[in-house]
Amino acid sequence: MTQSTNQLPGTFVTFEGVDGSGKSVQTEALAESLRNQGYSVLTSREPGGTPVAEQIRRILLDPQMGSMAWSTEVLLYLASRAEHVASVLRSALEQGEIVICDRFLDSTLAYQVFGRDGGDGDLVSALQAIRRANELSTGGIGPELTFLLDLDPTEGLARIRDAERTPDRLEGEGLAFLQRVRAGFLQLAEEESERIVLVDGARPPFEIAEEVLSITLTHLRRK
Ligand SMILES: Nc1ncnc2c1ncn2[C@@H]1O[C@H](COP(=O)(O)OP(=O)(O)O)[C@@H](O)[C@H]1O
Ligand SMILES: [Mg+2]
């Protein structure tokens, strides 16, 4: 297992996928449906979620920052996650809430390991090192259910362009980078098929939302 199952009463759900795959849309849709059914739900996103983590997010996503050392980038993500878990996620899970987070460790692995070819090219040791360091930043807290919204990055970028949003520092990395990220996500989903649900992100949002809700409700009933 890469992420230990939480011993806390809450339920931790994440959305993953390339930029423009619909994570923000589906995070909000799932939260609203669950709230309508009486669940207490907290939504958040990474990197970010607290004032300190939002400042780290600014450094990570600012195109003006240019490139940084591979390990700097990884450690900034993990620092942001440490802050997020310690000041937001842990207490919500302790209180029995459903926490839905837009990105978590799988994004770090897909972008920083697969996208960047492991920093120095050794994917296996990069995965190991990040998973170990992630334990430090999370204390073992990780999602028990993850939806991977799989989408061709070309389509994701087109959606973002349509929304007239300026690409951030990582979105500006180009298509080959994002194709490696997508393949990385798919590999992670294969390796952890009991946790990661592969969802075809190219379908209409309401169809995806229905599938995601149904799987989440089944998961909640089984707990
Ligand atoms: N299933 C979908 N089909 C078509 N467009 C979508 C879909 N899901 C989201 N979008 C649109 O694509 C853009 C990116 O969606 P968003 O949820 O912000 O993606 P992400 O958070 O993964 O980057 C938004 O303009 C959104 O309205
Ligand atoms: Mg988003």
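For the structure itself, consult the block above.
Analysis parameters
Residues numbered from 1 in each chain as written. Chains lettered and ligands numbered in written order. Predicted model: local features only at pLDDT ≥ 70, side-chain atom pairs only at ≥ 80, totals over all residues. Heavy atoms only, no water. Axes fitted to C-alpha atoms, helices over the stretch in contact; angles between N-to-C directions. Helix = DSSP H or I, 4+ residues; strand = E, 2+ residues; numbered from the N terminus. Parallel < 35°, antiparallel > 145°, perpendicular 65-115°, else oblique. Contact = heavy atoms within 4.5 Å. Nonpolar A, V, L, I, M, F, W, Y, C, P; charged D, E, K, R; others polar. Near = heavy atom within 4 Å. Polar contact = N/O pair within 3.5 Å; in protein donor to acceptor, adjacent residues only side chain to side chain. Areas by Shrake-Rupley, 256 points an atom, 1.4 Å probe, with all protein chains shown as cover. Salt bridge = Lys/Arg side-chain N within 4 Å of Asp/Glu carboxyl O. Buried < 20%, exposed > 50% of the residue type's maximum accessible area, 1.4 Å probe, protein only. Left-handed = near helix turned anticlockwise from the far one by under 90°. Arc of directions from axis to C-beta.

Draft legend 1. Geometry of the packing of helix α3 (residues 70-94) against helix α4 (residues 105-115). α4 packs onto α3 with a crossing angle of 170° between their chain directions and a minimal axis gap of 11 Å. Classed by the angle they form, the pair α3 and α4 counts as roughly antiparallel. Together, Trp70, Glu73, Val74, Tyr77 and Arg81 of α3 and Leu105, Thr108 and Gln112 of α4 make up the contact between the two elements. Tallied by class, the residues present in the contact of α3 with α4 amount to four nonpolar, two polar and two charged.

Draft legend 2. Highlighting the site of ligand 1. Close to ligand 1 lie 15 residues, the nearest being Gly20, Lys23, Ser24, Val25 and Arg203. Taking Gly20, its main chain carries an N or O atom lying 2.8 Å from an oxygen atom of ligand 1. Contact distances for ligand 1 include 2.8 Å between an oxygen atom and a side-chain N or O atom of Ser24. When ligand 1 sits alone it has 560 Å² of accessible area, and the protein chains cover 74% of it. Counting only elements with at least two residues in the shell around ligand 1, the list comes to α1 (23-36) and α8 (205-222). Sort the elements by how many residues they give to the shell around ligand 1 and α1 lands first, with three residues. Across the shell around ligand 1, the residue classes tally to six nonpolar, five polar and four charged.

Draft legend 3. Expanded view of the pattern of salt bridges. Within this structure, the stated rule accounts for 12 salt bridges. The residue Arg103 makes a salt bridge to Asp19 at a minimum N-O spacing of 3.0 Å. Placement of the pair is Arg103 in the loop between β3 (98-102) and α4 and Asp19 in the loop between β1 (11-16) and α1, with a sequence separation of 84 residues. Across the pair, exposure class does not vary: Arg103 and Asp19 are buried alike. Several salt bridges share partner residues, and in doing so they unite Asp106, Glu192 and Arg195 into one network.

Draft legend 4. Highlighting the environment of Gln128. Of note, Gln128 is situated in helix α5 (residues 123-138). Given a relative accessible area of 47%, Gln128 falls into the partly exposed group. Separated by 19 residues in sequence, Gln128 and Leu109 place their C-alpha atoms 9.9 Å apart.

Draft legend 5. Quick look at the side chain of Arg195. As for its placement among the helices and strands, Arg195 is situated in the loop between α7 (175-191) and β5 (196-200). In terms of polar contacts, Arg195 uses its side chain to reach the side chain of Glu192, at 3.0 Å.

Draft legend 6. Seen up close, the packing of helix α2 (residues 51-61) against α3. Axis separation between α2 and α3 bottoms out at 8 Å; the angle between their running directions is 160°. In terms of axis orientation, α2 runs roughly antiparallel to α3. Relative to α3, the crossing made by α2 is left-handed. Each of Val52, Ala53, Ile56, Ile59, Leu60 and Leu61 in α2 lies in contact with α3, whose residues at this interface are Glu73, Leu76, Tyr77, Ala79, Ser80 and Glu83. Tallied by class, residues from the contact of α2 with α3 come to nine nonpolar, one polar and two charged.

Draft legend 7. Structural context of helix α6 (residues 153-162). Within α6, the full set of buried residues consists of Pro153, Gly156, Leu157 and Ile160. Axial view of α6: buried residues confined to an arc of 95°, hence all on one face. What points out from α6, more than 90 degrees from its buried face, is the exposed set Arg161 and Asp162. Looking at the buried side of α6, the elements it contacts are α7. The N-cap residue of α6 is Asp152: its side-chain oxygen and the backbone nitrogen of Thr154 are 2.9 Å apart.

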